[in-house]
Amino acid sequence: MNLTLYVWRQKNASDKGKMERYDARDISSHMSFLEMLDVVNEDLTEKGIEPIAFDHDCREGICGMCSLMINGIAHGPEPGTTVCQLHMRHFKDGDSIYIEPWRARAFPVIKDLIVDRSAFERIQHAGGFISINTGGAPDANALPIAKKKADLAMDAAACIGCGACVASCPNASAMLFVSAKVTQFANLPQGRIEAAERVQKMVAQMDLEGFGNCTNHYECEAVCPKEINIRFIGQMNREFMKAKTGLG
Amino acid sequence: MTLDAKIPSGPLAEKWEKHKFEMKLVNPANKRKYSIIVVGSGLAGGSAAASLAELGYNVMCFCYQDSPRRAHSIAAQGGINASKNYQNDGDSTYRLFYDTIKGGDFRSREANVYRLAEVSANIIDQCVAQGVPFAREYGGLLDNRSFGGAQVSRTFYARGQTGQQLLLGAYSALCRQIGKGQVKMFNRAEMLDLVVVDGRTCGIVVRDMINGKVSSYAADAVVLATGGYSNVFYLSTMAKGCNVTAAYRAYKKGALFANPCYTQIHPTCIPVSGDYQSKLTLMSESLRNDGRIWVPKSADDKRAPGDIPEGDRDYYLERKYPSFGNLAPRDISSRSAKEACDEGRGVGETGLGVYLDFADAIGRLGENVIRERYGNLFHMYEKITGENPYKAPMRIYPALHYTMGGLWVDYNLESNLPGLFVLGEANFSDHGANRLGASALMQGLADGYFVAPYTMGNWLARAGVSEVKADHAEFKKAETDVTGRTKKLLAINGKRTVDSFHRELGLIMWENCGMARNEAGLKKALEQIPKLREEFWQNVLVPGENEELNQSLERAGRVADYLEFGEVVCQDALTRTESCGGHFREESQTKEGEAMRDDKHFTHVSAWEFKGVGKAPELHKEQLKFENVELATRSYK
Ligand SMILES: Cc1cc2nc3c(=O)[nH]c(=O)nc-3n(C[C@H](O)[C@H](O)[C@H](O)COP(=O)(O)OP(=O)(O)OC[C@H]3O[C@@H](n4cnc5c(N)ncnc54)[C@H](O)[C@@H]3O)c2cc1C
Ligand code: FES
């Protein structure tokens, strides 16, 4: 199939940036979206045009590196799918496709489609852990955990930290991301010990980074490639209230 | 050069305890005087950086992604082994040790492997304490599954995302140390050289991938935990950015590269669908617990899988290896798939595929149970192929997946360059000629949490604080070399893209140094690779500049290294005329087509020394001594 691409090009953080039009020819429906961009990039390189920069690494939907807005939807039209796992069979001959970077104040553009997500890192540094050192842990089975709780923790822990939630939210809120980490630990007995401190520190850092607040648009859940559940934000809010009121 | 593995004396089971006691310690108040560079933030690097920082050392950690949490360990699906014997099915430290030695086709060091088995149980404890949500039984205790090459259930898992969860555990420990200022983290930073002064490793040279700035970092020790080199084959299950660059540049500075020809081809990956293919996707080995592998009995049978009756199917692994069946080790399963396809019985459009069928398991357990166990893998398969594996069998084919070879290290995980430690997939240490499933995660975390923190102290206590700082002439020289190389790549301005060279190299490697190797093919590859390299340096087209984020330039540097390193792999494969584990030499097989070792001539580690680009490297041998297990023919029948 043949496609017309409109792609955000921006030389560096200080450049203004603009959309450019490119043709993608002879695209196979078996290709992944990123393979389609590879083909376009090979073509641009040979023509002496600088290829489009985009983040990617594992190309199997788990590292969280890939991050494209496709026709206004974070990670594109397929639900529960990262863009590296999106395949061209979901597009048809003659389509026009608009490709842009994540847009949020806390995620400045570095180049073309690549953004700086280090704000997420700093939120994790603030409290995304259980404070134990290597060595001295008790036997793993000394602490039975109800399967339901463990499964819920796993549901939350599945977050890949890609930032699609922020990119899709009209408030550029990072609450789905933060709540996933908070919920994972809050549901495990090991994590309860620091639960109150953790939620406060992570939320404080999140605010400091310039992310907005949740006003229940549900856009984050809709685009999340790992289908992280919005009720985790509810749990985070409860944890936060408990911590603030000293009831935790 | 004599290679001293520094294996402690005494009975196997007491070596590590004894060694821990004998090693020198750094007094707690003195630890802050030392700084350590850790390159890599995967399971090995992340766990090492966090654990070393917890001890009080000043750590600098580097990774090429935008976050340490994105290291390729994140992609591991199936699980991690540990000899907990929670299932009461006869597991023990000794059994895990024996399975690993046998699985590696008797080409690994007894002492290292025993230590690995010994600390495996601690890893699970550590991870649970960090909040890693392993799968659990209804009673609240941990669940296990089985993996290839073992007859006990010792694999711990977190759905189909075990690597992700273990890495997030190590990452959380790392974040805690970054927050405290004990680890300084450098993201989007690529190590491009190692600096050695007067025989001691002093630091590294790094390119900032955002602005192209080249800088030097000095420390009292350097840890490389930079992962495997499967991408020398272009198509593999590795991430696009995985590279041999860090390890290879250390090799060029004198570190020995051990057993580079030991590469693992994983039997269950999604088959190649076209020339544009950029990587291959693994379907976890755990699927073989419930999936049955088959091809039609007859080469002419082109019916849809559902229309082929039982009697016309060949469940070839169950037939050939009745006691291990679909859980035969990876090398054996991969070769069997290749044989079936070579006989024309392969399935799918390309004929390069076999079926992995869940119909029986779904009938026996119900679709829900299968969904619970493998839901995300089935989902991934459907996304990539557009086919529903609950309804029709998956099609799979072997692909490059793991590299057992790596930089040579002694028992302390220290290379032949003093002060350079190598952990995780980047070293060669524990898996011999073939790695068992779920053992790489175990090894990476064993190295990082439980081995390096001890052996590092011993090195620092003996060597003392290094006098060499980052303004030393050797650092300046290395910076000049790195910058010169970058300029050269950008100046060629030829006609072919970096990827086109990489693909061509990959094909040469896959055809001649892939699942089956022979003298003629390897010699051919050794002629083709230098020619391709020469063309690369005359005709590659690298657009853009150095002083900006430039992905073509990053790739060009890595491919340039692969174009040299590929030769080392083929040289090693050519020299080792026996078959063992993942290294199958067609000249060395039994009548039934099984790999035939040559213990008389090859019970050694081949460690290669760099002698110049285009010059044959020099071979050094470390004899392997087996004092506890008897060298046997590996049988999974
Ligand atoms: C798809 C897949 C599934 C797997 N499943 C399993 C499984 O179920 N069980 C199991 O035991 N094993 C599994 N493995 C193998 C296992 O995941 C890896 O061997 C292991 O995770 C490697 O860990 P590592 O820390 O050594 O390297 P990696 O996790 O690859 O980390 C390498 C690190 O080095 C950094 N780096 C690399 N080069 C440079 C450079 N030049 N400069 C700066 N930084 C650099 C990277 O940024 C990264 O942080 C799987 C592997 C794959 C590919
Ligand atoms: S590239 Fe890793 S999730 Fe897409």
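Residues numbered from 1 in each chain as written. Chains lettered and ligands numbered in written order. Predicted model: local features only at pLDDT ≥ 70, side-chain atom pairs only at ≥ 80, totals over all residues. Heavy atoms only, no water.

Asker: What's the story with the overall build of chain B in this structure? I'm lost.
Answerer: Within chain B one finds 16 helices and 21 strands. Its C-alpha atoms put chain B at 75 × 60 × 50 Å along the principal axes. Considering chain B as a whole, with its 637 residues, one finds that 68% of them fall into the buried category. Considering only contacts in chain B between residues 6 or more positions apart, those separated by 24 or more positions represent 74%. Chain B carries 79 positive and 78 negative side-chain charges, and their two centres are separated by 3 Å. (Helix = DSSP H or I, 4+ residues; strand = E, 2+ residues; numbered from the N terminus. Buried < 20%, exposed > 50% of the residue type's maximum accessible area, 1.4 Å probe, protein only. Contact = heavy atoms within 4.5 Å. Lys, Arg positive; Asp, Glu negative; His and termini not counted. Charge placed at Lys NZ, Arg CZ, Asp CG, Glu CD.)

Asker: How should the pairing of strand E14 (residues 354-357) of chain B be read in this particular structure?
Answerer: Taken residue by residue, a regular strand's side chains alternate between the two faces of the sheet. Residues and elements named next belong to chain B. Neither face of E14 is exposed, since Val354 and Leu356 on one face and Tyr355 and Asp357 on the opposite face are all buried. In the sheet, strand E12 (residues 292-296) pairs with E14 via 3 bridges, with the strands oriented antiparallel. Each residue of the ladder has a partner; that of Trp294, found in E14, is Tyr355. Both E14 and strand E15 (residues 394-403) contribute to a ladder of 3 bridges, which runs antiparallel. Residue Tyr355 lies in a different strand from E15, and its bridge partner there is Arg395. (Pairing = 2+ DSSP bridges.)

Asker: Which parts of the structure should I look at to understand the side chain of B:Asp357?
Answerer: All names here are of chain B. Along the chain, the position of Asp357 falls in strand E14. A polar side-chain atom of Asp357 sits 3.4 Å from a polar atom in the side chain of Arg313. A distance of 3.0 Å separates the side chain of Asp357 from the backbone nitrogen of Ala359, its partner in a polar contact. Those residues in contact with Asp357 that sit more than four places away from it in its chain are Asp290, Gly291, Arg292, Trp294, Arg313 and Pro393. (Polar contact = N/O pair within 3.5 Å; in protein donor to acceptor, adjacent residues only side chain to side chain.)

Asker: Looking at this model, I keep getting lost on the pattern of salt bridges. Mind explaining?
Answerer: Oppositely charged side chains are able to pair whenever their charged atoms sit close together. Residue and element names in this part refer to chain B. In this structure the tally under the stated criterion is 71 salt bridges over all chains. Ionic pairing is found between Lys320 and Glu339, a salt bridge with its closest N-O pair at 3.1 Å. Taken together, the residues span a long stretch of sequence, with Lys320 in helix H7 (residues 316-320) and Glu339 in helix H8 (residues 330-342) at a distance of 19 residues. Under the relative-accessibility criterion, Glu339 is labelled partly exposed at 31%. Close ionic contact of Arg597 with Asp599 constitutes a salt bridge, the shortest N to O distance being 2.8 Å. The class of Arg597 is buried, set by a relative accessible area of 17%. Accessibility expressed as a relative area gives 28% for Asp599, which makes it partly exposed. Counted as one network, the salt bridges with shared partners bring together Asp105, Arg107, Arg576, Glu578, Arg597 and Asp599. (Salt bridge = Lys/Arg side-chain N within 4 Å of Asp/Glu carboxyl O.)

Asker: What is the right way to read the nonpolar core from this model?
Answerer: Side chains that are nonpolar tend, in soluble globular proteins, to be buried together. Judged by nonpolar contacts, the single largest core of 231 residues is most densely connected at A:Phe211, B:Phe62, B:Ile80, B:Phe134 and B:Ile204. Viewed by domain, this core spans two of them, domain 1 (3-111) and domain 2 (118-245) of chain A, each represented by three or more residues. For B:Ile204, the residues in contact, after removing those within four places along its chain, are B:Ile37, B:Val39, B:Phe62, B:Met191, B:Asp193, B:Leu194, B:Ser215, B:Ser216, B:Tyr217, B:Val222 and B:Phe475. (Core = buried A, V, L, I, M, F, W, Y, C linked by side-chain atoms within 4.5 Å. Domains from an automatic or database assignment.)

Asker: For this particular structure, what's the right way to read the confidence of the model for chain B?
Answerer: Do not read the predicted coordinates in detail wherever pLDDT is low. Across chain B, the average pLDDT comes to 96, with 100% of residues at or above 70. Across the interfaces of the predicted complex, the ipTM metric reaches 0.98, alongside a pTM of 0.97. (pLDDT = per-residue confidence, 0-100.)

Asker: What is the right way to look at the environment of B:Gly346 in this model?
Answerer: Residues and elements named next belong to chain B. Tracing the backbone shows Gly346 in the loop between H8 and E14. Separated by 49 residues in sequence, Gly346 and Arg395 place their C-alpha atoms 9.7 Å apart. Setting aside anything within four residues of it in sequence, one finds Gly346 in contact with Ala340, Cys341, Gly351 and Gly353.

Asker: What is the right way to look at empty space enclosed by the protein in this model?
Answerer: Rolling a probe over the atoms, with the probe sized like a water molecule, indicates the empty space that remains. Residues and elements named next belong to chain B. Tallying each qualifying case throughout the model produces 13 cavities of 30 Å³ or more. Approximately 860 Å³ is the volume found for the largest cavity. Taken together, 50 residues line the largest cavity, and the ones lying closest to its centre are His72, Ser73, Gly227, Met238 and Glu425. Among the secondary structure elements, those contributing two or more residues to the lining of the largest cavity are helix H2 (43-55), strand E6 (189-197), helix H6 (245-252), E15 and helix H11 (440-463). It is H11 that contributes the most residues to the lining of the largest cavity, 4 residues altogether. Residues belonging to the lining of the largest cavity are distributed by class as follows: 23 nonpolar, 21 polar and 6 charged. (1 Å grid on protein atoms, 1.4 Å probe; cavity = no way out; pocket = protein on both sides within 12 Å on 5 of 7 lines; lining within 4 Å. Points joined across faces, edges and corners; volume = space filled by probe spheres on them. Nonpolar A, V, L, I, M, F, W, Y, C, P; charged D, E, K, R; others polar.)

Asker: Sorry if this is basic, but what is going on with the site of ligand 1 here?
Answerer: In the neighbourhood of ligand 1, 38 residues make up the surrounding shell, with B:Ser41, B:Gln65, B:Ser73, B:Met191 and B:Glu425 lying closest. Surrounding ligand 1 are residues belonging to chains A and B, so the site spans chains. In the model, a nitrogen atom of ligand 1 is placed 2.8 Å from a nitrogen or oxygen of the B:Met191 main chain. A distance of 2.8 Å separates an oxygen atom of ligand 1 from a polar backbone atom of B:Leu441. Cavity membership is defined here by more than half of the atoms lying within 2 Å of grid points; on that basis ligand 1 lies in the largest cavity. Secondary structure elements with two or more residues in the shell around ligand 1: H2, E6, E15 and H11 of chain B. Sort the elements by how many residues they give to the shell around ligand 1 and E6(B) lands first, with 3 residues. When the residues that make up the shell around ligand 1 are grouped by side-chain class, the tally is 18 nonpolar, 16 polar and 4 charged. (Near = heavy atom within 4 Å. Sits in = over half its atoms within 2 Å of the grid points.)

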